[in-house]
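Coordinate analysis (summary)
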Amino acid sequence: MQKHQFQTQVSDLLNLMIHSLYSNKEIFLRELISNASDALDKLNYLCLTNDDYKSLQYTPRIDIKLDKEAKTLIITDNGIGMDEDDLINNLGTIARSGTKGFIESMSGDAKKDSSLIGQFGVGFYSAFMVANKIEVISRKALSSDAYKWSSDTNGYEISKSTLDSHGTQITLYLNDDEFTDSFRIENIITKYSNHIPYPIYMDRDEWVAPQDENKEGHYESKNSQINKASALWRMSKSTLKDSDYNDFYKQISHDSSDPLLHIHTKAEGKIEYSTLFYIPSTQPFDLFRVDYQSGVKLYVKRVFITDDAKELLPPYLRFVRGVMDVEDIPLNVSREILQENKILTAVKDQSVKKILSELEKLLNNDKEKYSKLYSLFGNVIKEGLYGFNANKDNILNLCLFKSTLNDKPITLKEYKAAMKEDQKSIYYISGQNESMLRNSPLLEGFKSKGINVLICDEEIDTIVLPMVNEYDSIPFKSINSSDIDSEITSSEISTSDETNALISKIKEILKDEVKDVKISNRLSDSVACLIYDKNDPDYAMQTLLKQMGQEAPKIKPILEINPNHEIIAKLANNELMINDVAILILNMAKISEGMSIENPSEFSSKLAKIISKAL
Ligand code: ADP
Ligand code: MG
């Protein structure tokens with residue numbers, strides 16, 4: 001017999017689960033059954049694709065046996081099984097994201113946190129919430145050796161053992177009486193595992209009366225199948241209720257709340273497939289992590305192939321959970337085939353189109369629900385605007401924008417419908433602070449003309465909106481771009497020689513700071529504003545690049561000056577203080593754009609000088 005210590009991470013995790021998730025202990029059974037089902041999936045797949053396994057005769061099943069007296073619960077499957085190394089690697093260490101990520105993602109809400117268990121690949125350990133001792137006896141398919149792994153929360157031992165069939169038998173020595181009630185166990189199974197595709201049999205340890213006493217009925221048999229064991233996504237829509245869909249969602253997602261939406265498709269044309277997609281009502285914990293887990297499982301002809309293929313849906317739909325079951329591709333699909341198979345590619349494309357169109361339907365039919373969905377996943381969906389994407393217009397249709405003229409977020413369709421007759425473009429301003437954006441001097445011309453401007457204050461906006469050239473044939477334009485000026489002004493402003501001379505002087509004074517100084521006709525109240533050459537990244541983009549650790553070359557803005565402003569008029573008559581005033585004007589423009597000024601003490605001393613003069 002060999003004694004082993006748990007990997008430190010495992011010990012930490014066990015303590016954590018036992019002490020903080022005790023209010024939602026029942027999920028341990030969901031996790032163990034989900035593992036049993038995975039093990040059957042793996043063997044099933046091997047039998048169909050690998051000649052070595054073809055001779056194996058077995059009927060996949062999961063058995064649950066409750067022994068009240070001994071206070072044990074035994075979960076058995078005849079799946080792939082584990083050898084000695086598997087037991088050590090799978091049950092003694094944490095392979096995937098690790099405890100740290102798990103702890104970081106915990107919210108303190110037991111219900112929410114218990115859904116993280118399955119998502120993190122630490123489901124097996126949840127059994128320690130209800131048992132102080134666990135024994136796992138396992139025999140790997142095609143092998144005649146069985147091993148016993150037995151453990152309390154400190155460490156585990158491995159020894160030789162025997163098992164009738166290949167597969168795994170897990171015995172839980174229950175802590176207290178909470179789970180020795182067969183009705184309770186049965187309810188947990190139907191609640192979480194009804195649509196596991198394999199039959200689950202329950203050995204009740206007694207003959208039990210029907211639960212509903214008013215109902216005439218016979219005693220339940222001692223050993224019977226208690227789940228539906230159906231591939232739900234293959235069933236016809238008309239036979240399924242919302243609750244069926246929701247239960248199945250909880251099973252595959254390990255999430256405990258109902259999804260916002262399900263999208264069930266059965267295609268029977270040229271390409272045959274069934275897909276069932278869900279939009280969750282909470283953000284998966286790893287939504288914004290590079291190493292996120294795919295939420296879509298691939299089946300071929302009902303046989304589980306993989307749940308680790310991120311290619312099934314594009315990254316901007318990575319919050320979608322569900323199942324894709326395709327008819328006419330070979331079972332032994334490899335990674336390469338996943339990427340190149342024409343049929344699968346077609347199913348993927350159609351799935352994306354279907355999901356986008358269903359989201360649009362929801363937007364049109366239930367804007368409140370859609371807004372909830374958008375607040376959770378809008379920023380992820382917008383990632384689809386980056387680079388080339390054949391569905392760009394569909395994605396743009398799904399985007400909601402704050403704007404200067406509307407209280408509530410609007411769609412681009414709504415923006416377009418309310419455009420002024422002579423308006424040439426869809427205008428937006430982007431940056432990281434909504435109130436700063438709303439008060440930007442750049443908006444003055446638009447406000448006075450009653451033209452709506454989209455206020456884009458999400459980080460992702462700064463990255464993707466410059467890549468949107470147009471929507472429904474209308475150009476998309478940032479209002480801090482140099483080529484917008486003429487669009488929003490009807491007439492050229494005529495300037496005097498005096499003003500022109502003044503501008504040249506200011507340009508000379510500020511030549512190290514700005515690319516150019518120009519007369520503006522987009523301002524009404526402010527003295528100046530900063531814009532960017534239409535090919536330069538703007539300030540918001542520069543800030544973002546810096547935050548991401550990219551050293552971008554310093555881009556000089558263009559200073560636009562309002563020739564009608566009092567300061568300019570007076571300055572033209574009295575150039576005594578022009579050096580100080582030029583710098584003040586530049587810094588004022590920077591401040592109103594939310595930019596930092598490089599030399600604040602110089603700024604305040606110059607300002608102090610002017611104020612004292614004025615007083
Ligand atoms: P996950 O299922 O997300 O991988 P778990 O903690 O639930 O994480 O399980 C850890 C691993 O232990 C599984 O990936 C699997 O390799 C192995 N395992 C657990 N239960 C079984 C079982 N009944 N049969 C075969 N292998 C199992
Ligand atoms: Mg698991």
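Residues numbered from 1 in each chain as written. Chains lettered and ligands numbered in written order. Predicted model: local features only at pLDDT ≥ 70, side-chain atom pairs only at ≥ 80, totals over all residues. Heavy atoms only, no water.

**As for the overall build of the protein**
Here is the rule we go by: A run of DSSP states H or I qualifies as a helix once it reaches four residues; a run of E qualifies as a strand once it reaches two. Both are numbered from the N-terminal end. Under the scheme applied here, a residue whose accessible area is under 20% of the maximum for its type counts as buried, over 50% as exposed, and between as partly exposed, the area being computed with a 1.4 Å probe on protein chains only. The contact criterion used throughout is that any non-hydrogen atoms of two residues lie within 4.5 Å. Each accessible area is a Shrake-Rupley estimate made with a 1.4 Å probe; only the visible protein chains count as cover when residues are assessed. Here Asp and Glu are counted as negative and Lys and Arg as positive; His is not counted, and neither are the chain ends. By convention, charge coordinates are those of NZ in Lys, CZ in Arg, CG in Asp, or CD in Glu.
The helix and strand tally for the protein stands at 21 helices and 22 strands. Within the protein, the proportion of its 615 residues that are buried is 51%. A separation threshold of at least 6 residues defines the contact pool for the protein, and within that pool the share at least 24 residues apart is 72%. Carbon and sulfur atoms make up 47% of the accessible area of the protein, which totals about 29,300 Å². Of note, the protein has its 73 positive side-chain charges centred 2 Å away from the centre of its 93 negative side-chain charges.

**Looking at helix α17 (residues 497-509)**
As a reminder of what qualifies: Expected span, for any helix, means 1.5 Å times one less than how many residues it has. Arc definition: it is the arc formed by the directions from the helix axis to the C-beta atoms.
Counted at 1.5 Å a residue, the expected span for α17 with its 13 residues is 18 Å, and the 19 Å between its end C-alpha atoms agrees. Residues T499, L502, I503 and I506 constitute the buried set of α17. One side of α17 holds all its buried residues, which, seen down the axis, span an arc of 100 degrees. The inward-facing, buried residues of α17 abut β20 (516-519), β22 (558-561), α19 (566-573) and α20 (578-592).

**Things to note about the domain arrangement of the protein**
Here is the rule: All the domain ranges listed were derived from an automatic or database domain assignment. In this description, buried area is defined as the sum, over both parts, of the accessible area (probe of 1.4 Å) that is lost when the two are combined.
Along its sequence, the protein is carved into domain 1 (2-206), domain 2 (232-369) and domain 3 (497-531 + 553-614). Domain 1 and domain 2 are separated by 26 Å when their C-alpha centres are compared. Opposite the 23 residues of domain 1 that make contact, domain 2 presents 19 residues. For the pairing of domain 1 and domain 2, the buried interface totals around 2,000 Å² over both sides, and the portion due to carbon and sulfur atoms is 57%.

**Some thoughts on the packing of α19 against α20**
Test applied: Here an axis means a line fitted to C-alpha atoms, over the contact stretch when the element is a helix, while the angle between two N-to-C directions is reported on a 0 to 180 degree scale. Roughly parallel refers to an angle under 35 degrees, roughly antiparallel to one over 145, roughly perpendicular to one between 65 and 115, and oblique to any angle outside these ranges. A crossing counts as left-handed when the near helix is turned anticlockwise from the far one by less than a right angle, and as right-handed when that turn is clockwise. Polar here means any residue other than Ala, Val, Leu, Ile, Met, Phe, Trp, Tyr, Cys and Pro, which are nonpolar, and Asp, Glu, Lys and Arg, which are charged; Gly is therefore polar.
Two elements in contact, α19 and α20, have axes separated by 11 Å at closest approach and are oriented at 160 degrees. Looking at the two axes, α19 sits roughly antiparallel to α20. Considering only the axes of α19 and α20, their crossing is left-handed. Facing α19, whose interface residues are I567, I568 and L571, α20 presents I578, V581 and I585. Within the contact of α19 with α20, the residues separate by chemical class into six nonpolar, no polar and no charged.

**Focus on a nonpolar patch on the surface**
The criterion, for reference: Note that patches include only residues with greater than 30% relative accessible area and no salt bridge, and the join distances are 9 Å for like charges and 5 Å for nonpolar side chains (Val, Leu, Ile, Met, Phe, Trp, Tyr). One side-chain nitrogen of Lys or Arg within 4 Å of one carboxyl oxygen of Asp or Glu is enough to make a salt bridge.
A grouping of L607, I611 and L615 is seen on the molecular surface, where their side chains present a nonpolar patch of about 320 Å² in accessible area. Classification of I611 as partly exposed rests on a relative accessible area of 44%.

**What to know about the pairing of β22**
Stated formally: A pair of strands is treated as paired once DSSP finds two or more bridges between them.
Residues I558 and E560 line one face of β22 and the alternating positions L559 and I561 line the opposite face, and both faces are buried. Bridge analysis of β20 against β22 gives four bridges, and the strand direction is parallel. Within the sheet, the bridge partner assigned to K518 lies in β22 and is E560. Note: strand β21 (residues 528-531) against β22, four bridges, orientation antiparallel. Looking at the pairing, I531 lines up with I558 of β22.

**Comments concerning the pattern of salt bridges**
Applying the stated rule across the entire model yields 38 salt bridges. The closest approach of N and O atoms between K140 and D86, which form a salt bridge, is 2.7 Å. Here D86 lies in helix α3 (residues 84-92) and K140 lies in the loop between β4 (131-139) and β5 (146-151), a separation of 54 residues in the sequence. On the accessibility criterion, K140 (24% relative accessible area) is partly exposed. For K382, the salt bridge is made with D461, and the minimal N-O distance between the two is 2.8 Å. One end of the pair, K382, is in the loop between α10 (367-381) and α11 (392-398); the other, D461, is in helix α15 (residues 459-464), with 79 residues separating them in the sequence. As far as burial versus exposure is concerned, K382 and D461 are alike and both buried.

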